[in-house]
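Working through the structure, step by step
This is what each chain is made of:
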Amino acid sequence: MSLELWLALLGAAIMISLSPGAGFATAVSFGLSNGLRGAAPAVFGLICGYGTQMLVVSLGLGALIATSPILFTVIKYIGAAYLIWLGFQIIRSQAELELHNAEPLKKRERFIRAYLVNITNPKGMVFLLALVPQFLNPAEPQAPQLWIIGLTLVLVDWIVMTGYSGIAARLRRFVQDPKGRAWLNRASGSALILAGLVLSTATL
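Residues numbered from 1 in each chain as written. Predicted model: local features only at pLDDT ≥ 70, side-chain atom pairs only at ≥ 80, totals over all residues. Heavy atoms only, no water.

What follows covers the environment of Gln145. By the element assignment, Gln145 lies in helix α7 (residues 142–171). For Gln145, a relative accessible area of 6% translates into the label buried. Measuring from C-alpha to C-alpha, the distance between Gln145 and Met1 comes to 6.6 Å, with 144 residues separating the pair along the chain. Excluding anything up to four places from it in sequence, Gln145 contacts Met1, Phe135, Leu136, Asn137 and Glu140. (Helix = DSSP H or I, 4+ residues; strand = E, 2+ residues; numbered from the N terminus. Buried < 20%, exposed > 50% of the residue type's maximum accessible area, 1.4 Å probe, protein only. Contact = heavy atoms within 4.5 Å.)

Attention now moves to the packing of aromatic side chains. Enumeration according to the criterion identifies three aromatic pairs in this entry. Judged by centre distance (5.6 Å) and plane angle (40°), the rings of Phe44 and Phe111 are tilted. Pair noted here: Phe44 is in helix α2 (residues 22–58) and Phe111 is in helix α5 (residues 107–119), with a separation of 67 residues, a long-range link. For Phe111, a relative accessible area of 25% puts it in the partly exposed group. Measuring from centroid to centroid gives 6.0 Å for Phe111 and Tyr115, while their planes differ by 15°, and the two rings are stacked. Linking Phe111 with Tyr115, this pair stays in helix α5, spanning four residues, or about one helical turn. Aromatic ring contacts, followed pair by pair, group Phe44, Phe111, Tyr115 and Trp158 into a single cluster. (Phe/Tyr/Trp six-rings, centres within 6.5 Å; stacked < 30°, edge-to-face > 60°.)

Here you go:
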């Protein structure tokens, strides 16, 4: 891959990661409730979910999903339902922001929840299926190119999601009263619900 093509890929990766979506809402919500370090397992879960989608696309399964409306619809609504459910769970939670060092979820649970957010997002799969071929040269070996593309997308997203959770963690210091903490729960939970509703309208 030429330097010029990689720089174009890098720019696309940055813009993709910065754009609001399910990953953004998840990183922010865990940053608010668990702080930067506490959000790290959730961010890692997001990245593993993103990496899994990249692997699936690289193996060609993304094409099956993109050409199968029934399978796409099933995965789409599973992902949408999960995000909406998670959003309601955050809104209803009374303990997530009660203490700055509170950890209502174990690290593994934070990882799994975030992983499921990305792995059940069919829009990300279809988007990758459309994006990845733009940076592939069919005349060159594909495996090294796919590694470069995958690592670039994943590493950029990791940095951006960590940044989002860190910003959210800093905002947490300004929220000292129970009403403020309840508002943040509603805001982050509503963001996930909105992401789920938007996801449910995705079309091929």
